[in-house]
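Next come the chains, spelled out residue by residue.
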Amino acid sequence: MEKDIIKQSVNADITQSFYNQMATAYDKLFSDWQAATHEQAALLDAIFRENGYNRQAKILDCACGIGTQAVGLALLGYAVTGSDISSGELAEAKRRAAQNHVAIRLEQADFRALSQTFSEPFDLIITMDNALPHMLSHKALEAAVKSIVNQLAQGGMFVASIRDYDSLLEEKPTYSAPYIHKTDKGQRVSFQTWEWFGDQYRFIQYIIDDEGTAQVSRFACEYRAVRRKELTDLLLANGCREVLWKMPDETGFYQPVVTARK
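Here the structure is a predicted model, which means the values were calculated and not measured.

J.: Even after reading the chapter, I still don't get the side chain of R261, so can you show me in this structure?
T.: As for its placement among the helices and strands, R261 is situated in strand β11 (residues 257-261). Buried within the structure, R261 lacks any salt-bridge partner; its nearest side chain of opposite charge belongs to E242, at an N-O separation of 4.9 Å.

J.: Honestly, the pairing of strand β1 (residues 58-61) in this entry has me stumped. Any pointers?
T.: The side chains of a regular strand alternate between both faces of the sheet. Across four bridges, the pairing between β1 and strand β2 (residues 79-84) is parallel. Within β2, the position partnered with K58 by the bridge is A79. Handedness of the β-α-β unit built from β1, helix α3 (residues 68-75) and β2 comes out right-handed. Pairing of β1 with strand β4 (residues 122-127), which is carried by three bridges, proceeds in the parallel orientation. When the bridges of β4 are listed, I59 appears paired with L124.

J.: I'm lost on the sheet that holds strand β9 (residues 213-224) in this one. Help?
T.: Strands pair in a sheet through their backbones, by hydrogen bonds, and they do so in one of two ways: parallel or antiparallel. Strands sit in the order β6-β7-β8-β9 across an open sheet of four strands; the sheet is antiparallel. Strands with a single pairing partner mark the edges of an open sheet, and in this sheet they are β6 (179-182) and β9. The mean angle between the axes of side-by-side strands here comes to 15°, regardless of whether they run parallel or antiparallel. Where strand β8 (residues 200-211) meets β9, 12 bridges bridge the pair, whose relative direction is antiparallel. For Y206, the partnering residue across the bridge sits in β9 and is R218.

J.: Honestly, the packing of helix α5 (residues 138-150) against helix α7 (residues 228-237) in this entry has me stumped. Any pointers?
T.: To characterise two packed helices, one gives the angle between the axes of the helices and the distance between these axes. As a packed pair, α5 and α7 sit with axes 9 Å apart at the nearest point and diverge in direction by 45°. The pairing of α5 with α7 is recorded here as oblique in orientation. The interaxial crossing formed by α5 with α7 has right-handed handedness. Taking contact as the criterion, the partners of H138, L141, E142, V145 and V149 in α5 are, on α7, E230, L231, L234 and L235.

J.: Explanation requested: the confidence of the model for the protein chain in the structure shown.
T.: Close inspection of predicted coordinates is inappropriate for parts of the model with low pLDDT. Counting all residues, the mean pLDDT for the protein chain is 94, and 96% of those residues have values of 70 or more. Counted against residues more than four places away or in other chains, residues 1-7, with its pLDDT under 50, gives four contacts.

J.: Just to check I follow, could you spell out the pairing of β6 for this structure?
T.: Inspection of the sheet shows β6 paired to strand β7 (residues 187-197) by four bridges, in the antiparallel sense. Directly across from H181, in β7, lies its bridge partner R188.

J.: Would you mind going over the sheet that holds strand β5 (residues 152-161) with me for this structure?
T.: The seven strands lie next to each other as β3-β2-β1-β4-β5-β11-β10, forming an open sheet whose pairing is mixed. For this open sheet the edge positions go to β3 (105-108) and β10 (242-246), each flanked by a neighbour on one side alone. In this sheet, adjacent strand axes meet at a mean angle of 15° when their direction is disregarded. Relative to β11, β10 runs antiparallel, the two being bridged by five bridges. From the neighbouring strand, L244 faces β11, where its bridge partner is T259. Running at roughly 145° to β5, helix α2 (residues 33-50) makes contact with β1, β4, β5, β10 and β11 of the sheet.

J.: Explanation requested: the nonpolar core in the structure shown.
T.: Note that soluble globular proteins tend to have their nonpolar side chains buried in a common cluster. Ranked by internal contacts, the top residues of the largest apolar core, which has 44 residues, are F48, L73, I104 and V159. With seven residues, α2 is the single largest residue contributor to this core. Leaving out residues up to four positions away in the same chain, F48 has contacts with Y53, I59, L73, Y78, L124, I126, M157 and V159. Counting residues in each nonpolar core, the second largest holds 30 residues, with A63, F111, L141 and L235 among its members.

Definitions and limits used
Residues numbered from 1 in each chain as written. Predicted model: local features only at pLDDT ≥ 70, side-chain atom pairs only at ≥ 80, totals over all residues. Heavy atoms only, no water. Helix = DSSP H or I, 4+ residues; strand = E, 2+ residues; numbered from the N terminus. Buried < 20%, exposed > 50% of the residue type's maximum accessible area, 1.4 Å probe, protein only. Lys, Arg positive; Asp, Glu negative; His and termini not counted. Salt bridge = Lys/Arg side-chain N within 4 Å of Asp/Glu carboxyl O. Pairing = 2+ DSSP bridges. Right-handed = clockwise from strand over helix to strand, strands pointing away. Axes fitted to C-alpha atoms, helices over the stretch in contact; angles between N-to-C directions. Parallel < 35°, antiparallel > 145°, perpendicular 65-115°, else oblique. Left-handed = near helix turned anticlockwise from the far one by under 90°. Contact = heavy atoms within 4.5 Å. pLDDT = per-residue confidence, 0-100. Core = buried A, V, L, I, M, F, W, Y, C linked by side-chain atoms within 4.5 Å.

As structure tokens, this is what we get:
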């Protein structure tokens, strides 16, 4: 038990350091970050409306990063609160919210312990872009699920996206397909290399700016491959009554998306 707590504490530090270092470069993973925030907000807005929520709903983005989803949702008129473990990414989110003239409450918080920061419940809680797999054990993932569901209002909904690990675990690839974005002066290439240890893998995120003189940025962190059944079972066991998955061919989003009603 004590070893698990120490391991998760160390992993939290590694994750926080990873995103702190990457905060000002994170938008380079997109060909157009501003367009992406509008696209992802439209996707989430459609999911919310399909499930009976309107723009009066209170939203917590508990892994908000630099605000990719939070800014877009605030632009649609939602009351959005964002939290993240990374102070660097929160600072970047604050800057981008100001640039977009939207008011977003931003707090530093570990999504395994949301009640330490928030006393109020939320109608909708989201955690997109494969944030949950930073939990490197079943116990840590369970703590995150409990924390998130407990922060939902009764009748509220949790929305998350993770990679399709059911498929990835069959082959355990050693790298991700590169993204190549054309820029005014050349191109930008981003990809990850993956080193597997059972169901966990250490990844290195490379971002290559090739605009005359090539510049390489390198960031390292870890994930645990979470199967959809594991997350579904945890959500059902910790207060959710309905869990549904939609795949990319249904949503147009690049990762499977899960919705869970409390």
